[in-house]
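Analysis of the macromolecular model
Each chain, letter by letter, is given below.
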Amino acid sequence: MVCGPTKLHGKNVESIDLRAGATLVIAALVADGESILHNAEQIDRGYERIDERLKKIGANIKRSE
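Residues numbered from 1 in each chain as written. Predicted model: local features only at pLDDT ≥ 70, side-chain atom pairs only at ≥ 80, totals over all residues. Heavy atoms only, no water.

**Quick notes on the side chain of Asp51**
Here Asp51 lies in helix 3 (residues 50-56). Of the polar contacts made by the side chain of Asp51, one reaches the side chain of Arg63; its length is 3.0 Å. Not counting residues up to four positions away in its chain, the partners in contact with Asp51 are Ile61 and Arg63. (Helix = DSSP H or I, 4+ residues; strand = E, 2+ residues; numbered from the N terminus. Polar contact = N/O pair within 3.5 Å; in protein donor to acceptor, adjacent residues only side chain to side chain. Contact = heavy atoms within 4.5 Å.)

Printed below as a string of structure tokens:
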């Protein structure tokens, strides 16, 4: 559970590197609404099949080509 003073809302965001991208994925999962992450290939280089792994624990992730 993530608790903070401000509720997160979905947004279009861009991954600039591996760790920042992974952080954006986590933030998007706890945010209300839909988030779109651009340049996800940055994340793919460091986290093999991250979308499939997160789906197994209940994440709603869709990859578009």
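**Considerations on the nonpolar core**
Note on soluble globular proteins: their nonpolar side chains tend to be buried together. Val25, Ile43, Ile50, Leu54 and Ala59 form the largest nonpolar core, which has five residues in total. When near neighbours in sequence (up to four residues on either side) are disregarded, Val25 contacts Leu37, Ile43 and Leu54. (Core = buried A, V, L, I, M, F, W, Y, C linked by side-chain atoms within 4.5 Å. Buried < 20%, exposed > 50% of the residue type's maximum accessible area, 1.4 Å probe, protein only.)

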